[in-house]
Amino acid sequence: QNAHNLISVSTDGKMCSWSLDMLSQPQDSMELQYKQSKAVAVTSLSFLAGDVNNFVVGSEEGSVYTACRHGSKAGISDIFEGHYGP
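This text gives an overview of the structure that appears in the document.

**Considering the overall build of the protein**
Item 1. In terms of helices and strands, the protein carries zero helices and seven strands.
Item 2. Each helix and strand of the protein, ordered N terminal to C terminal, gives the series β-β-β-β-β-β-β.
Item 3. Against the globule reference of 12 Å for 86 residues, the protein gives a C-alpha radius of gyration of 13 Å, in line with a compact fold.
Item 4. Oriented by its inertia axes, the alpha-carbon framework of the protein measures out at about 50 × 25 × 25 Å.
Item 5. Out of the 86 residues belonging to the protein, those deemed buried represent 28%.
Item 6. Pairs at least 24 residues apart make up 24% of the contacts formed inside the protein by residues separated by at least 6 positions.
Item 7. Of the roughly 5800 Å² of accessible surface on the protein, 51% is carried by carbon and sulfur atoms.

Rendered as structure tokens:
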């Protein structure tokens, strides 16, 4: 289903969906924010195996967020706080 799509994220909190047939502008975009706070500075992205809707992102501050692309709950849904070793 997503063989012709590309998803990009950036540290300004913007996630874009691109069609490989038209890279001049994104097909869709989403601001990644957690509970109406400032944008999440995303540094990594991973989709769950076999799932084109649910994904996780890692952020500059060390937290990991779960999110989804579509539906009534689109956007970031949960946070796993970062921590520091001893």
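**Some remarks on unusual backbone geometry**
Item 1. Positioned with a positive phi, K35 is a non-glycine residue whose angle comes to about 50 degrees.
Item 2. For K35, the location among the structural elements is in the loop between strand 3 (28–31) and strand 4 (42–47).
Item 3. Since its relative accessible area comes to 67%, K35 is described here as exposed.

Procedures and definitions
Residues numbered from 1 in each chain as written. Predicted model: local features only at pLDDT ≥ 70, side-chain atom pairs only at ≥ 80, totals over all residues. Heavy atoms only, no water. Helix = DSSP H or I, 4+ residues; strand = E, 2+ residues; numbered from the N terminus. Rg over C-alpha atoms; globule rule 2.2 N^0.38 Å. Buried < 20%, exposed > 50% of the residue type's maximum accessible area, 1.4 Å probe, protein only. Contact = heavy atoms within 4.5 Å. Areas by Shrake-Rupley, 256 points an atom, 1.4 Å probe, with all protein chains shown as cover.

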